[in-house]
Amino acid sequence: MNHPFVKYVYSDIDSLSRGAAEAITRLAQTRVRASGRFTVALSGGSTPRSTYSLLAVEPLAREMPWAKTRIYFGDERHVPHDHPDSNFRMANEALLQRVPIPVENVNPIPTDHEDPAACAEWYDDLLHAHFQRRTDDLPGFDLILLGIGPDGHIASIFAGTPAETEMQKWVTWCDPVLTNPAIKPAVKRITITQAIIWRSAQVFVLATGGQKAMNLAKIFADAEPPKPPVARLLRECKGTVSFFLDNAAAALI
């Protein structure tokens, strides 16, 4: 197994968010200089929201190459984009509507079809259209942002669902409630697959709180732990995986 992990530990969510936002800005500048564009898949969740808010204000709002940045999403809840549970709504309010990014550079996952499989297929087609085909026929994001759920899932790849084992499609869907009735919100999800995560040039994982500590310890453990969390698939990433953690989340690693 690969283990391309980098760990940054902070005293609180404010300093963690600042560190992540600055790292995103540096990477964006580097990629634009090298290739003329920066492609990033955003995550939902409370910790990324704080990071997005910092990217929307000075000095980072001025330093980010917004005109050359292409925004995608790693996953989405199957709810309208104006719904309180929507990942797009969160990112739009915290970041996208506050910065000078061209509207055509923002690519949300559609949720307007009643069938989440149709939404996933549409986004799969969009990624095929936007990314040049590589030798392995998979898109390579410059950066994928991820959180870790209390159950150890990343993006919307939930244990026990077909999304956990999907390797051919770039985008799929699942209903996590079928395997874990406690999942909130209790809605179906559309998600990129682990094959895309593995081929991203960089992955940033943002996690806070002691409830994440055990799953993080299982991700970092060299020996295969009993009942490994879905997030342990990060060990197969080809690029660098950087963890931005607070003291409580990092307590066991």
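What counts as what
Residues numbered from 1 in each chain as written. Predicted model: local features only at pLDDT ≥ 70, side-chain atom pairs only at ≥ 80, totals over all residues. Heavy atoms only, no water. Salt bridge = Lys/Arg side-chain N within 4 Å of Asp/Glu carboxyl O. Helix = DSSP H or I, 4+ residues; strand = E, 2+ residues; numbered from the N terminus. Pairing = 2+ DSSP bridges. Axes fitted to C-alpha atoms, helices over the stretch in contact; angles between N-to-C directions. Contact = heavy atoms within 4.5 Å. 1 Å grid on protein atoms, 1.4 Å probe; cavity = no way out; pocket = protein on both sides within 12 Å on 5 of 7 lines; lining within 4 Å. Points joined across faces, edges and corners; volume = space filled by probe spheres on them. Phe/Tyr/Trp six-rings, centres within 6.5 Å; stacked < 30°, edge-to-face > 60°. Buried < 20%, exposed > 50% of the residue type's maximum accessible area, 1.4 Å probe, protein only. Lys NZ or Arg CZ within 6 Å of the ring centre and 35° of its normal. Core = buried A, V, L, I, M, F, W, Y, C linked by side-chain atoms within 4.5 Å.

Peer 1: Give a detailed account of the pattern of salt bridges, specifying residues and quantitative values.
Peer 2: With the rule as written, the count across this model stands at six salt bridges. Ionic pairing is found between Asp142 and Arg31, a salt bridge with its closest N-O pair at 3.0 Å. Taken together, the residues Asp142 in the loop between α5 (116-130) and β5 (143-146) and Arg31 in helix α1 (residues 13-35) connect sequence positions 111 residues apart. Each of Arg49, Arg89 and Glu93 takes part in a single network of salt bridges with overlapping partners.

Peer 1: An account of the sheet that holds strand β6 (residues 171-174) is requested, with residue identities and associated values reported.
Peer 2: Taken together, the three strands give an open sheet; going across it, the order is β4-β7-β6, and neighbouring strands pair in antiparallel fashion. A single partner strand is all that each edge strand has here, and the edge strands are β4 (75-77) and β6. Within the sheet, the average angular offset between the axes of one strand and its neighbour, ignoring direction, is 15 degrees. Note that β4 and strand β7 (residues 189-192) share three bridges and pair antiparallel. Residue Arg77 lies in a different strand from β7, and its bridge partner there is Arg189. This element, α5, spans β6 and β7 of the sheet and lies at about 165 degrees to β6.

Peer 1: Break down the layout of surface pockets for me, citing the residues and quoting the values.
Peer 2: Of the voids in this model, the largest pocket is the one considered here, and its volume is about 720 Å³. If you list the elements that add at least two residues to the lining of the largest pocket, you get α2 (46-55), β4, α4 (87-94) and β5.

Peer 1: Outline the packing of aromatic side chains, listing residues and values.
Peer 2: Counted according to the given criterion, the structure contains ten aromatic pairs. With 5.0 Å between their ring centres and 55 degrees between their planes, Phe204 and Phe244 make a pair best called tilted. With Phe204 in strand β8 (residues 202-207) and Phe244 in strand β9 (residues 240-246), this pair connects stretches of sequence that are 40 residues apart. Given the relative accessible area of 1%, Phe244 is considered buried. In this arrangement the basic side chain of Arg37 is found over the ring face of Phe131, its NZ or CZ atom lying 5.6 Å from the centre.

Peer 1: Explain the nonpolar core residue by residue, including any values.
Peer 2: Counting 75 residues, the largest nonpolar core has Leu127, Ile197, Leu234 and Phe243 as its most contacted members. It is α1 that contributes the most residues to this core, eight residues altogether. Beyond its immediate sequence surroundings of up to four residues, Leu127 is in contact with Tyr72, Phe141, Trp170, Val171 and Ile196.

Peer 1: I'd like a description of the side chain of Thr172, backed by residues and values.
Peer 2: Along the polypeptide, Thr172 turns up in strand β6. For Thr172, a relative accessible area of 7% puts it in the buried group. If near-sequence neighbours (up to four positions away) are discounted, Thr172 is found in contact with Ala120, Ala163, Glu166, Arg189, Ile190, Thr191 and Thr193.

Peer 1: Now, about the sheet that holds strand β2 (residues 38-42): what can you tell me, with residues and values included?
Peer 2: Pairing in this open sheet of six strands is parallel, and the strands run β1-β9-β8-β5-β2-β3 from one edge to the other. Edge strands, defined here as strands with exactly one partner in the open sheet, are β1 (5-10) and β3 (69-73). When the angles between neighbouring strand axes are averaged without regard to direction, this sheet yields 20 degrees. Bridge count for β5 against β8 is three bridges, and the pairing is parallel. Each bridged residue has a counterpart across the sheet, and for Leu145 the counterpart in β8 is Phe204. On the sheet, α1 packs against β1, β2, β5, β8 and β9 and is oriented at approximately 170 degrees with respect to β8.

By themselves, these observations are geometric and do not establish any function.
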